[in-house]
Amino acid sequence: MLYKMQPFTAFMSVESSRSYIDDLYSQDFNKCLNSIICIKHSVIGSNRQKGSVIAQGSLSKGTSDHVELLINSGVVQSLLELLDEDDPQLIDVCLCCLRTLSSQEHHPINRKFSEKNIQKLLSFVGPKESVLRQTCIPTILNASCKTINEQNMLCNVGTPSILASLLSLGQPSIGTPVCVCLASMCFNNPNVAKEIVNTAYKDIKIPIYLSSLVSREKPTELQLEAARCLTNLHRAGALSAHDPIITFKALACLVRLCQFEHLESHRVLAAETLAYLTEVDSNLQQIAAISNQLVNALVDLLEKSSIAAKTAAFRAFASLGANDEDIRKRIIDTKCLMERVVEGLADDNKDVNLAAVRCLHSLSRSVQQLRTTFQDHSVWRPLMTLLTEDPSPELLLAASSTLCNLLLEFSPAKEPILQQGAIQLLANLTSSNEPALKLNGVWALMNLAFQAEQRVKSQILTTLGTDQIFRLLDSDPRVLMKTLGLLRNLVSPRAHTDTMMALHGPQIMQGVVLVLEGHHSPEIKEQALLILSNIADGERAKDHIMSNDDVLKKLVDYMTHPAPCLQESAVFCIGNLSRKGEPGALERQKKLRDLNVVNILEQLMATSDTILFSRVKTTFG
């Protein structure tokens with residue numbers, strides 16, 4: 001049937017043609033259809049016209065605000081319901097619209113999909129369906145797997161098998177959205193990743209299909225998405241770092257696509273994915289770094305004006321230099337690299353700041369560079385600025401981790417960082433509700449206290465306060481270990497032991513006893529005993545132990561403890577207490593003899609533990 005069309009021009013203004021809007025609500029089918037067609041033509045290519053139509057109460061390829069209004073009006077549910085109609089053309093149009101809505105990152109539609117909806121969508125796709133459907137469905141499904149539950153649901157209804165059948169077609173236009181969907185499904189989801197890796201179509205498993213898509217003759221976008229999918233499968237634990245598909249296919253592809261000849265947008269995604277692929281595996285880092293051109297290509301990205309390019313390059317450098325000293329040196333020695341890092345720390349964009357800090361954290365693991373390059377570029381200045389400017393939790397965590405390294409005793413940056421108020425800043429971190437930040441605060445203070453001047457140690461204890469130290473001793477085991485390490489550094493070397501114990505002896509002893517009496521692992525209690533050993537090494541500080549019968553009894557008990565580390569530490573402490581030739585030595589030896597220490601030592605001479613035997617022999621000597 002032919003319908004009579006009203007006159008229409010491409011330049012018609014919807015605002016001046018209210019009749020078309022009014023006709024949308026007409027009971028006359030012809031009028032309604034005619035109105036829809038006219039409005040469709042009027043809004044093509046014009047966000048202003050789309051906005052006007054929406055404002056008048058009636059379009060997804062418009063602005064982000066237009067999309068949000070459509071989604072909030074319930075259009076997704078309406079489109080999903082229309083999929084039940086027995087009209088192939090209508091279904092195709094609905095799928096196209098859902099695909100467009102699904103592509104909007106800032107307005108996710110994943111909460112609109114039920115398991116029944118997913119199953120319905122999957123019924124429209126397969127090797128024999130149209131290309132339109134084969135491209136629409138994976139894109140729509142990709143928008144419906146943003147959470148672990150959604151990933152699991154997609155997996156449980158058989159999505160991997162269907163997507164595998166689409167990969168077998170070998171068409172780039174289909175393969176790209178399929179790879180995107182698979183990558184989303186397995187991201188940080190070991191169970192789904194394992195299912196995908198074991199899914200086959202025509203006896204060929206999905207990783208084999210993906211490995212063929214990262215070849216250089218494939219379209220670049222397809223290579224990138226296939227490599228990203230393989231990366232996510234690896235990081236989820238489904239593919240080993242030693243799997244040839246990862247080392248010789250995915251990794252090689254990403255390194256190649258970082259090079260100068262590719263589009264910047266492709267290079268950025270390649271660098272981002274390479275950073276994620278190599279982040280935790282030293283073998284992959286070393287293989288990637290074999291390419292001499294990679295470092296230069298990443299430096300070139302740092303020279304770009306785009307935020308995405310700088311961020312991706314810094315992240316890649318952070319991953320590559322995470323574990324290997326030679327790689328770190330190559331990165332740092334690259335011309336202008338450290339200048340770009342310092343600029344990144346001071347950049348106006350927070351994403352660039354965070355990526356630059358993570359890069360600096362990775363490079364700061366180099367002892368040699370802490371003494372030379374880092375000092376030459378005064379990297380601590382912009383870092384301390386970031387730490388004092390209300391940073392985001394992510395930035396604060398990365399920056400405080402870096403500060404831990406910069407405060408190691410051989411770092412020349414230690415003193416200038418102190419002058420910038422580091423002690424108060426770190427003390428504040430120890431009160432954080434975030435365990436990782438609390439750990440970093442204590443860890444950095446522990447590094448700061450190692451072989452520090454007396455004034456610095458006193459400042460640390462005064463700033464932290466006794467109550468906070470006790471709270472830290474009642475924390476997560478990792479925090480507790482670093483707190484004990486801090487106390488151990490505060491009462492050593494011997495030249496500082498007496499002074500520190502004269503100022504803070506009762507509080508330190510109370511903290512040590514608290515740990516020895518608690519239900520802790522031998523490794524934790526060993527640290528407490530080593531603190532006592534340091535105290536026992538002092539000339540006057542020994543009295544804090546000798547005057548405490550409860551502590552002495554604990555020391556004697558630990559001499560026969562089943563854990564070798566506790567036996568060794570207890571004997572070491574006893575040896576320091578009973579050392580000959582020091583004032584009061586005879587009195588201390590008599591008191592220890594009365595506690596049966598000599599008999600226990602004689603029994604321990606028969607031990608097969610060489611460390612324990614050596615300490616027993618030294619104590620007797």
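Residues numbered from 1 in each chain as written. Predicted model: local features only at pLDDT ≥ 70, side-chain atom pairs only at ≥ 80, totals over all residues. Heavy atoms only, no water.

The name given to the chain in an unreviewed UniProt entry is Armadillo repeat-containing protein 8, with Rhynchophorus ferrugineus as the source organism.

### Looking at helix 29 (residues 435-449)
Basically, it comes down to this: Counting from the N terminus, the helices are the DSSP runs of H or I reaching at least four residues and the strands are the DSSP runs of E reaching at least two. What a helix should span is 1.5 Å times the count of its residues minus one. Note on exposure labels: buried denotes an accessible area under 20% of the residue type's maximum, exposed denotes more than 50%, and partly exposed covers the range between, all computed with a 1.4 Å probe on protein chains only. By definition in these notes, contact holds between two residues if any of their heavy atoms fall within 4.5 Å.
Under the 1.5 Å per step criterion, the end-to-end length of helix 29 is 21 Å for 15 residues, consistent within 8% with the ideal 21 Å. Every buried residue of helix 29 is accounted for by Leu437, Leu439, Asn440, Gly441, Val442, Ala444, Leu445, Met446, Asn447, Leu448 and Ala449. Buried-residue contacts for helix 29 involve helix 26 (393-406), helix 27 (414-419), helix 28 (422-429), helix 30 (454-464), helix 31 (466-472) and helix 32 (477-490). Where helix 29 terminates, the next one or two residues include glutamine 451, which has phi positive at roughly 50°.

### Structural notes on the environment of leucine 406
Position of leucine 406 among the secondary structure elements: in helix 26. On a C-alpha basis, the gap between leucine 406 and serine 364 in space is 7.0 Å, while along the polypeptide they are 42 residues apart.

### Quick notes on the packing of helix 33 (residues 494-517) against helix 36 (residues 549-558)
Under the convention used in this document: To obtain an axis, a line is fitted to C-alpha atoms, over the contacting stretch when the element is a helix, and the angle between two such axes runs from 0 to 180 degrees between their N-to-C directions. An angle below 35 degrees is read as roughly parallel, one above 145 as roughly antiparallel, one from 65 to 115 as roughly perpendicular, and any other as oblique. In this scheme the handedness of a crossing depends on how the near helix is turned from the far one: anticlockwise by less than a right angle means left-handed, clockwise means right-handed. Only Asp, Glu, Lys and Arg are considered charged, only Ala, Val, Leu, Ile, Met, Phe, Trp, Tyr, Cys and Pro nonpolar, and every remaining residue, Gly among them, polar.
Helix 36 packs onto helix 33 with a crossing angle of 40° between their chain directions and a minimal axis gap of 11 Å. With respect to helix 36, the axis of helix 33 lies oblique. In this structure, helix 33 meets helix 36 at a crossing whose hand is left-handed. Taken together, the residues of helix 36 that come into contact with helix 33 (itself represented by Met509, Val513, Leu516 and Glu517) are Asp550, Val551, Lys554 and Tyr558. Considering only residue class, the contact of helix 33 with helix 36 consists of five nonpolar, no polar and three charged.

### Observations concerning the environment of arginine 315
Assignment of secondary structure puts arginine 315 in helix 19 (residues 307-320). By relative accessible area, arginine 315 is classed as partly exposed at 28%. Distance from arginine 315 to serine 362, taken between C-alpha atoms, is 9.8 Å for residues 47 residues apart in sequence. Filtering out sequence-adjacent residues up to four positions away, arginine 315 remains in contact with Glu272, Ala275 and Ala355.

### Let's talk about the side chain of arginine 133
With respect to the helices, strands and loops of the structure, arginine 133 is situated in helix 8 (residues 131-142). By relative accessible area, arginine 133 is classed as buried at 10%. The residues contacting arginine 133, other than those within four sequence positions of it, are Pro88, Ile91, Asp92, Leu95, Phe124, Val125 and Pro138.

### Here's the deal with the nonpolar core
Note the cut-off: As used in this record, nonpolar core signifies buried Ala, Val, Leu, Ile, Met, Phe, Trp, Tyr and Cys residues forming a set joined through side-chain atoms within 4.5 Å. Throughout the structure description, domain borders are defined by an automatic or database domain assignment.
Leu210, Leu233, Leu532, Ile535 and Ile545 are the most contacted members of the largest nonpolar core, which has 189 residues in total. There are two domains that each give this core at least three residues, and those are domain 1 (63-239) and domain 2 (241-406).

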